[in-house]
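Residue-level structural notes
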Amino acid sequence: MQIDKVLIATTNKGKLKEFKQLLSNIGIEVLSLEDMKEKIDVEENKKTFLENAIKKAKEYAKFYKIPVIAEDAGLEVEELGRYPGVYSARFYDIEFGGKEPVKDNKDKANINKLLRLLEGKENRKARFVSVIVFYNPEDFGIWAEGYCKGKIAKKPVGEGGFGYDPIFIPEGYKKTMAQLTSEEKNKISHRGKAVRKLISILKKIITA
Ligand code: IMP
């Protein structure tokens, strides 16, 4: 079986940049939703990362008729019973812990809410989760997951990455994910680990 193109089904610029770097040397052309003329909306309304990723991969692959990689990712905070989890992107806007006003942008509102909910709390353990689905409409689907353990900082530091990176300190580090270079982040990140697993499964299938 031959795969020469894959569509990364995300509108998140930070995620897309990381996917392009992580998939840069596998010899497959990587397209994004911005490359597609006709647009469709796929709602992420499921209760698990895997169900959301499967839904996105299938709907985009069926519509555009090319293989798709879709990801659902998020941050799980132990003290908050694994919230924001699948609600990470719109945490500021859900009832849990009270809604947070958006002053600058949604990422900052999410961070402010999380820091507010952890004020005075000892347990700041957290992990990033990435679940990635590859779906080929003519053939098969596979999935892989990756985790990155760490803790939540007291205040945002750093300009790199996206989302919750400025308040996430990876295990074994003294700086936040937003202070790492993209190469350093890709080596240890949930997304980097999931993509490398997915590629090793795909290689076995493609060469079989
Ligand atoms: P998704 O688009 O539903 O997968 O939402 C993912 C959300 O989780 C993003 O909007 C970020 O808020 C957060 N997130 C996922 N991966 C990362 C990461 O690598 N760094 C920081 N935040 C992330």
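Just above sits the structure.
Attention here is on the structure that accompanies the text. (Residues numbered from 1 in each chain as written. Predicted model: local features only at pLDDT ≥ 70, side-chain atom pairs only at ≥ 80, totals over all residues. Heavy atoms only, no water.)

So, on to the site of the ligand. The environment of the ligand is formed by 16 residues, the closest being K15, E44, D165, K185 and R191. Within the backbone of A73, one N or O atom sits 2.9 Å away from an oxygen atom of the ligand. Out of a free accessible area of 490 Å², the ligand has 94% covered by protein chains. Among the elements of the structure, β3 (68–77) and α5 (190–207) are those that each provide at least two residues to the shell around the ligand. If one sorts the elements of the shell around the ligand by residue count, β3 sits on top with three residues. Counted by class, the shell around the ligand contains five nonpolar, five polar and six charged residues. (Near = heavy atom within 4 Å. Polar contact = N/O pair within 3.5 Å; in protein donor to acceptor, adjacent residues only side chain to side chain. Areas by Shrake-Rupley, 256 points an atom, 1.4 Å probe, with all protein chains shown as cover. Helix = DSSP H or I, 4+ residues; strand = E, 2+ residues; numbered from the N terminus. Nonpolar A, V, L, I, M, F, W, Y, C, P; charged D, E, K, R; others polar.)

On to helix α1 (residues 13–22). Listed as buried for α1 are G14, K15, L16, E18, F19 and L22. Taking the backbone nitrogen of G14 as reference, a side-chain oxygen 2.9 Å away marks N12 as the first, capping residue of α1. (Buried < 20%, exposed > 50% of the residue type's maximum accessible area, 1.4 Å probe, protein only.)

In this section: the pairing of strand β4 (residues 125–135). When you tally the buried positions in β4, you get nine out of 11 residues, the bulk of the element. Bridge count between β3 and β4: 10 bridges; the pairing is antiparallel. Its bridge partner being in β4, V68 is matched across the sheet by Y135. In this sheet, strand β5 (residues 141–152) lies alongside β4 in antiparallel orientation, the contact comprising 11 bridges. (Pairing = 2+ DSSP bridges.)

Each strand in a sheet pairs with another by means of backbone hydrogen bonds, the pair being arranged parallel or else antiparallel. Pairing is mixed in the open sheet, where six strands are placed in the order β2-β1-β3-β4-β5-β6. Strands at the two margins of the open sheet, each flanked by one partner only, are β2 (29–32) and β6 (168–170). This sheet shows a mean twist of 35 degrees between the axes of neighbouring strands, independent of strand direction. Sitting on the sheet, α1 is in contact with β1 (5–8), β2, β3 and β4, with an inclination near 120 degrees to β3. Of the strands in this sheet, β1, β3, β4 and β5 are in contact with helix α2 (residues 49–64), which crosses β3 at around 160 degrees. (Axes fitted to C-alpha atoms, helices over the stretch in contact; angles between N-to-C directions. Contact = heavy atoms within 4.5 Å.)

Time to look at the pattern of salt bridges. Overall, the coordinates contain 11 salt bridges when judged by the stated rule. Residue D93 is joined to K99 by a salt bridge in which the shortest nitrogen-to-oxygen separation is 3.9 Å. One salt bridge in this structure joins D165 and K185, with 2.7 Å as the shortest N-O distance. Residue D165 is located in the loop between β5 and β6, and its partner K185 is located in helix α4 (residues 182–188); the two are separated by 20 residues in the primary sequence. Across the pair, K185 and D165 agree in class, each one buried. Where salt bridges share partners, they join K15, E18, E71, D165, K185 and R191 into one cluster. (Salt bridge = Lys/Arg side-chain N within 4 Å of Asp/Glu carboxyl O.)

The end-to-end C-alpha separation of helix α3 (residues 106–117) is 17 Å, in line with the 16 Å expected for 12 residues at 1.5 Å each. The set of residues buried in α3 consists of A109, N110, I111, K113, L114, L115 and L117. Two or three places before D107, at the start of α3, stands the capping residue N105, its side-chain oxygen 3.2 Å from that residue's backbone nitrogen. (Expected span 1.5 Å × (residues − 1).)

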